[in-house]
Amino acid sequence: MSAEIFQKIAETNTWSWITPEFAIGVLALSLLVLEVILPKVAHGAIPRIAILGQLVILGYVVTGTCAGTLPAGEAFGGMLYFDGTGQLFRVFFLGASIFVSYLGMVSLDRRTLPQVEYFHILLVITAALMLLAQANHFVMLFVALETATVGFYILVSYFRHTTVSLEAGLKYLIMGALSSTILLFGIVLLYGAGSNPALAGSSQDSLNFGNLAGFLAANPDDTLGLIGMILVISGVAFKVGAFPFQIWIPDVYQGAPLPTTALLAVSSKAAGFAMLLSFSKVFSALGDWFYPLLSALAILTILFGNFAALTQRNLKRVIGLSGVSHAGFLLIGVIAARTVDWASIAILFYLFAYLLASAAVFSVLVHLNKDDDSDLTLDDLGDLAKKNGFLGLALAVGVGSLAGIPPLAGFIGKLLIFIAAFKAELYGLLGVAIVGVVVSIYYYFGILKSAFFDLWQFQADEEEAPTAIPGSALGFLGKLAIVIAIAGTLLLGFYQSPFSSWLVG
Amino acid sequence: MNDFASLVQFSIAVPIVAAFLTLFVKSWGRPAVQIVSVTGFALPLILALSLWGLYDPSTPGGYAFVSNLDTGLEMIGVSLHLGLNGVSLPLFVMASVVGLAAGLFAAQSKAENLSRYLFCLLIMQGGLMGVFASIDIFFFYFFHELALIPTFIMVGIWGGRDRNYAAMKMTIYLTLGAMLSLVGLIAIYVKSGAESFDLITLKAHLAEIPLADSVQNYAFGLLLFGFGILVSLWPLHTWAPLGYGAAPSSAAMLHAGVLKKFGLYGLVQVAIPLLPDGMGHWENWIVWLALGNILVVGLIAMAQRDLKQMIGYSSVMHMGYAFLGIAAMSVLGVGGVVLMMVAHGLTVALLFMLSTMVHHRTQTFEMNEMGGLAKKAPVLAAFFVCAMMASIGLPGPGLANFWGEISIFLAVYDFRNWLVYAVVAGIVISAIYGLRAIASVFYGEEADEFIESQKEVSVEDMSWAERVPALILIVVMFFIGFFPKTVTESINDALESEPVYAQVEE
């Protein structure tokens, strides 16, 4: 790189544009400082400070987006690109992080493990993911992704006294490292191809998304570029849990601490789709390869996720595998976005619906008072509705929304994806999606059945019934979190005006 | 927004609001829950009847009481567009009548967690009112699902024998049906290019630029089988008797009586007017499958020993007549179908309710283990005989079903006259199982099991709490039976303004 590039970068270092990410970083560091300076009795306040701080930042981003005062355009020498989609992903990751912080608070309170580090790493991951969603350059993308992934390695094995958590951590480390390597290799190939001065459209800064798209448009038959694209997609497929890179999901989801599972399910998946949405612009010239590849992934992902989830009885595995199938539905949206321009809005809507539904489901799971949350099974839900109607309702709304039952948000998400797919004439994918939905009813229904329908079945053996149902654990904050998740899911199912006007406007 | 449009909105909103109220007043005790929920069922009936009174058949565009609300999906052409026309109004009223009867019956039932049971039932009622009042086909589907989900829950929690299996089977079947019809509706939306889910807009648009034949064919196929599963078209009917057998009676009343009409209504109001050529393509399929409903399912119904299962099968069988009437594609035939939908809704609801009352007295649904109940409960017997006669449709000119069926038969004769033999055979079949059920439940010697069970539970005649909901249904049945014109006029007007049906007539 020549000196001009550095000069250009220096001129465009508009630090104020990344205020939210910056603020999260400061918050993350100040948590560590607070642990040192606060007396031990006040340590319980630190998670609350983390949540409060994130709420303030979320408020800043939301008001900024609504008022349209947040900047848009390139910054940092083309490293980052700010637009409306990026702002929505910021909101998404912050929202996910706030609710994972809450889960972490509940979950860690029961254990004698260091607490503050969990929130610290969570915040760093969130900041990294927010940057990732706005990356406009493969170097930025990779650095942000690795920052997040390294954080995930730690959070997955955070319960270091339980073997399953360590096992999950190891599996995630190996698979994650492998996928990062594949991604990196793809990036290197793209770099090599794009900066070959012998080819038209080459540039010195060939990892910039815009430059790369220009290069690929000029050389759509370039073999290196094609292989690079396939490898990059493979790396991302790992993140979203698309077939055949979904193999880590059940074990890791099961072994990881519950808040981390939630973070993996929601944020990590969304990050993958943020990347895919940017890639669909980068690789648009390779559309004849890019979209068939994604279609194959989508079909296999939907079928695998749903059929594999059918036989599971472990709750975290069911959620993980159902998440695989959701990735498949979202992939359909990405493919449809090629011809239907509002399909990316559908993806975002789907993701927000998924976030709210997951928030409801995981909030219920975290309150199933079990010491080891890795072996929560359907049986642990037995009589949930009877013992705690509020949690039962939350579970019903969450699972119903995941299953795509009207009038919940998940249904509108699926509907938008279906309409987009139909408009894009993806009939085969649509057929597979329908099969997926019908199959998924079986296991979602199974969850609800164990929570509700066995209501009066086991009354005889009351004394030996599992004691996994909470008594007092649900504090004010817990109720608030669950109410927000339920209300959001219902609202987005009935009345989408605020969201759609925000998206379109 | 037309005059009185808010009445339509209220009749959808009231049950839903009442549903949430029942949960809040739970702590005030059982009577509070009962009062709130019965109000939630009664108000829609009052509103629906006043709408009936206010309805002016000469409304321009066919729809009266129209209102339009944006819910935020306008970017894909969806808005909450409500209104009633001559076809939907009778069904709308019927839904409110059956709803009140089911609600009254449920409110005094011994279900555990009564407030939650009524919550589900009220949500279902809200969805049912919405289904028939929707002009927007997205919301038409949406309200159907809103009514369907509580059914699964009620079968699963408050159901009888095999409830888990039945609930699961129903859910999977009906989800498949709903998904197929959803894709069919999306197909119409996308392929028409009208960028709207609004039925009126779609109709106007497709009248100018009809869809290509191939599109019509597959879209109609999706809707036919999607709706067909929901209406229990043979051989996709197996969820229905099982589900109704397991469902608590109020849920069965609302589902078999009202919700199942969604599919037929969808064919009459949406699929055929929008896709007339698709209908021509699938006509033979409909005829043969409908014959399967009438003859095959009819014979199965004859073989049933379980009273509730038998009623379930007979309701599946009657759907065959409806499909035949639709296949005839004339004002007479389709009008007969709509009239039959109204009448059948009332009858089958009454039969499910009465069979549960029989069960309270005999402690069984096995018809072999009953007998002689008429002596102990003459009023119940009278109601049951009336309902069963109406259901058979044969000897009751004073009952509503007769008029519907006779119009269907005449239309079917015009359509393909050999079909009438099959239809008559069907009537013989239903007369056999219907009369045999009456005989074995109410007349003859008491079975040993029944004598045995009487030692524990003394058998009394219908109480007033039981009589009121039954009376509501039977009075409306007789009213339509004696004055069918009150209903048929509006149906005729609406259908004659529909070119597909009027054309064939000429």
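Everything numeric here is computed off the predicted structure, so don't read it as measured data.

A word on the overall build of chain B
Okay, step 1: Scanning chain B from terminus to terminus reveals 22 helices and two strands.
Okay, step 2: For chain B, whose C-alpha radius of gyration is 22 Å, the value lies close to the compact-globule estimate of 23 Å for 506 residues.
Okay, step 3: Dimensions of chain B, computed from the C-alpha atoms along their principal axes, are close to 70 × 60 × 40 Å.
Okay, step 4: The buried share of chain B, taken over its 506 residues, is 63%.

Thoughts on the environment of Ala251(B)
Residue and element names in this part refer to chain B.
Okay, step 1: Within the element layout of this structure, Ala251 appears in helix H10 (residues 249–259).
Okay, step 2: Its 28 C-beta neighbours within 10 Å are what place Ala251 among the buried residues.
Okay, step 3: Sequence-distant contacts of Ala251, that is, excluding residues within four places in its chain, are made with Leu121, Thr151, Met154 and Val155.

Some remarks on the interface of chain A and chain B
Okay, step 1: Counting residues at the interface gives 27 residues for chain A and 25 residues for chain B.
Okay, step 2: Mapped by element, the contributors of at least two residues to the side of chain A that touches chain B are helix H17 (409–423), helix H18 (427–453) and helix H20 (497–504) of chain A.
Okay, step 3: Residues that form the side of chain A that touches chain B fall into these classes: 22 nonpolar, three polar and two charged.

As for helix H13 (residues 307–328) of chain B
All names here are of chain B.
Okay, step 1: Between the first and last C-alpha of H13 there are 32 Å, a value that for 22 residues agrees with the 32 Å anticipated at 1.5 Å per step.
Okay, step 2: A large share of H13 lies buried, amounting to 22 of its 22 residues.
Okay, step 3: Looking one or two places after H13, you find Met329, whose phi comes out positive at around 55°.

Examining the nonpolar core
Okay, step 1: Ranked by internal contacts, the top residues of the largest apolar core, which has 413 residues, are Leu132(A), Ala101(B) and Leu346(B).
Okay, step 2: A total of 21 residues in this core trace back to one element, the largest contributor, which is helix H14 (residues 343–367) of chain A.
Okay, step 3: If we skip the residues at most four places from it in the chain, Leu346(B) touches Met94(B), Val97(B), Val98(B), Ala400(B), Leu473(B), Val476(B) and Met477(B).

Re unusual backbone geometry
Residue and element names in this part refer to chain A.
Okay, step 1: Omega for the peptide link from Phe243 to Pro244 comes to 0°, which places this bond in the cis form.
Okay, step 2: Along the polypeptide, Pro244 turns up in the loop between helix H9 (223–240) and helix H10 (249–255).
Okay, step 3: Backbone geometry at Glu425 places phi at a positive 60°, although glycine is not the residue there.
Okay, step 4: On the secondary structure map, Glu425 appears in the loop between H17 and H18.

Focus on the packing of helix H5 (residues 137–158) of chain B against H10(B)
Residues and elements named next belong to chain B.
Okay, step 1: Put simply, H5 and H10 touch, their axes get as near as 10 Å, and they point 145° apart. At the point where H5 passes H10, the crossing takes the left-handed sense. The residues of H10 that touch H5, namely those facing Ala147, Leu148, Thr151, Met154 and Val155, are Ala251, His255 and Leu259.
Okay, step 2: Grouping the constituent residues of the contact of H5 with H10 by class yields six nonpolar, two polar and no charged.

Here's the deal with the packing of helix H12 (residues 276–302) of chain B against helix H18 (residues 419–442) of chain B
All names here are of chain B.
Okay, step 1: H18 packs onto H12 with a crossing angle of 20° between their chain directions and a minimal axis gap of 9 Å. One element, H12, and the other, H18, form an angle in the roughly parallel class. Crossing of H12 against H18: the hand is left-handed. Note on element contacts: H18 touches H12 through Ala422, Val423, Ala425, Gly426, Ile429, Ser430, Ile432 and Tyr433, opposite Leu291, Ile294, Leu295, Gly298, Leu299, Ala301 and Met302.
Okay, step 2: Taken together, the residues of the contact of H12 with H18 break down into twelve nonpolar, three polar and no charged.

A look at the environment of Ser134(B)
Residue and element names in this part refer to chain B.
Okay, step 1: You can see Ser134 is positioned in the loop between helix H4 (114–133) and H5.
Okay, step 2: Here Ser134 falls in the buried class, since 26 other C-beta atoms lie within 10 Å of it.
Okay, step 3: For the pair formed by Ser134 and Phe41, sequence separation is 93 residues and the distance between their alpha carbons is 19 Å.
Okay, step 4: Discounting chain neighbours no more than four positions away, the residues touching Ser134 are Leu82, Phe139, Phe140 and Phe143.

Quick notes on the confidence of the model for chain B
When pLDDT drops low, the exact placement of atoms in the prediction is not to be read closely.
Okay, step 1: Per-residue confidence for chain B gives a mean pLDDT of 83; residues scoring 70 or more make up 97%.
Okay, step 2: Interface scoring of the predicted complex returns ipTM 0.81; its pTM is 0.87.

Quick notes on H9(A)
Residue and element names in this part refer to chain A.
Okay, step 1: Its 18 residues give H9 an end-to-end C-alpha distance of 26 Å, which sits within 8% of 26 Å, the value for a rise of 1.5 Å per residue.
Okay, step 2: By the criterion of burial, H9 is predominantly enclosed, with 14 of the 18 residues buried.
Okay, step 3: Note on H9: the residue one or two positions beyond its end, Gly241, has a positive phi of about 75°.

So, how was this worked out
- Residues numbered from 1 in each chain as written.
- Chains lettered and ligands numbered in written order.
- Predicted model: local features only at pLDDT ≥ 70, side-chain atom pairs only at ≥ 80, totals over all residues.
- Helix = DSSP H or I, 4+ residues; strand = E, 2+ residues; numbered from the N terminus.
- Rg over C-alpha atoms; globule rule 2.2 N^0.38 Å.
- Buried ≥ 20, exposed ≤ 12 C-beta atoms within 10 Å, placed from the backbone.
- Contact = placed C-beta atoms within 7 Å.
- Nonpolar A, V, L, I, M, F, W, Y, C, P; charged D, E, K, R; others polar.
- Expected span 1.5 Å × (residues − 1).
- Core = buried A, V, L, I, M, F, W, Y, C linked by C-beta atoms within 7 Å.
- Axes fitted to C-alpha atoms, helices over the stretch in contact; angles between N-to-C directions.
- Left-handed = near helix turned anticlockwise from the far one by under 90°.
- Parallel < 35°, antiparallel > 145°, perpendicular 65-115°, else oblique.
- pLDDT = per-residue confidence, 0-100.

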